Amino acid sequence: QVQLVESGGGLVQAGGSLRLSCAASGLAFSTYSMGWFRRAPGNEREFVVAISARGGSTYYADSVKGRFTISRDNAKNTVHLQMNSLKPEDTAVYYCAAKWGPVATGLGEYNYWGQGTQVTVSS
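Residues numbered from 1 in each chain as written. Predicted model: local features only at pLDDT ≥ 70, side-chain atom pairs only at ≥ 80, totals over all residues. Heavy atoms only, no water.

Observations regarding the sheet that holds strand 3 (residues 18-25)
To keep it simple, the criterion reads: Strands are treated as partners if at least two bridges between them are detected by DSSP. Comment: elements are numbered from the N terminus, with helices defined as DSSP H or I runs of at least four residues and strands as E runs of at least two. Axis angles are defined between N-to-C directions and span 0 to 180 degrees, where every axis is a line fitted to C-alpha atoms and, for a helix, only to the segment in contact.
The sheet built from four strands is open, its strands ordered 1-3-8-7 with antiparallel pairing. Strands at the two margins of the open sheet, each flanked by one partner only, are strand 1 (3-7) and strand 7 (68-73). Each neighbouring strand pair of the sheet contributes to a mean axis angle of 15 degrees, computed without reference to strand direction. As paired elements, strand 3 and strand 8 (residues 78-83) share six bridges and run antiparallel to each other. Paired with cysteine 22 across the two strands is valine 79, which belongs to strand 8.

Let's talk about the pairing of strand 11 (residues 117-122)
Quick reminder of the rule: Remark: exposure states derive from per-residue accessible area (1.4 Å probe, protein chains only) relative to the maximum for the residue type, with buried under 20%, exposed over 50%, and partly exposed in between.
Residue alternation in strand 11 divides its side chains into a buried set, Thr117, Val119 and Val121, and an unburied set, Gln118, Thr120 and Ser122. Across four bridges, strand 2 (residues 10-13) lies against strand 11 in parallel orientation. Of the residues in strand 11, the one forming a bridge with glycine 10 is valine 119. Here strand 9 (residues 92-100) runs beside strand 11; their pairing, made up of three bridges, is antiparallel. Along strand 11, the bridge assignment pairs tyrosine 94 with threonine 117.

Topic: the state of the cysteines
Note the cut-off: The term disulfide is used for any two cysteine sulfur atoms that are within 2.5 Å.
Tallied over the entire structure, the rule returns one disulfide. Through a disulfide, cysteine 22 is tied to cysteine 96; the S-S separation comes to 2.1 Å. Because the torsion about its S-S bond is -80 degrees, the bridge between cysteine 22 and cysteine 96 counts as left-handed. Of this pair, cysteine 22 sits in strand 3 while cysteine 96 sits in strand 9; the two residues are 74 residues apart in sequence, bridging distant segments of the chain. Across the pair, exposure class does not vary: cysteine 22 and cysteine 96 are buried alike.

Re the pattern of salt bridges
Pairing is possible between side chains of opposite charge, provided their charged atoms come close. Rules: One speaks of a salt bridge when a side-chain nitrogen belonging to Lys or Arg is within 4 Å of a carboxyl oxygen belonging to Asp or Glu.
According to the stated counting rule, one finds four salt bridges in the structure shown. Between lysine 65 and aspartate 62 there is a salt bridge, and its shortest N-O distance comes to 3.8 Å. Residue class for aspartate 62 comes out exposed when judged on its relative accessible area of 69%. Salt-bridge contacts for arginine 67 lead to aspartate 90; the nearest nitrogen and oxygen are separated by 2.7 Å. Within this pair, whereas arginine 67 is found in the loop between strand 6 (58-60) and strand 7, its partner aspartate 90 is found in the loop between strand 8 and strand 9, the two being separated by 23 residues in sequence. Neither residue differs from the other here; arginine 67 and aspartate 90 are each classed as buried. Linked by salt bridges that have partners in common, Arg38, Glu46, Arg67 and Asp90 make up one network.

Geometry only, nothing functional implied.
Structural data, given as structure tokens:
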């Protein structure tokens, strides 16, 4: 079965950094676009960042542009989210997601989801 497993979440002070990882299995990883979404307390799940299957195209939500960086290693079937200059409003459960083919930013475009990893940013 397809599995996406996030790791790297935790508690960090405002201004700090975290690096999230997503390990994928059960799919042809290099043919899938990948994305990160998050759900903050009291909010709906929202788009954060996405990367195309070969890594050539990336899309970032305005709220994280310049602070977050997505990358992937197709040889290792992993995608990473480097989060710098973290703010309390970044506090959320972060989800890794996958879709076949072209990169997209819409929630409904993604077929597979991880269980999420908690990121908490203290002020």
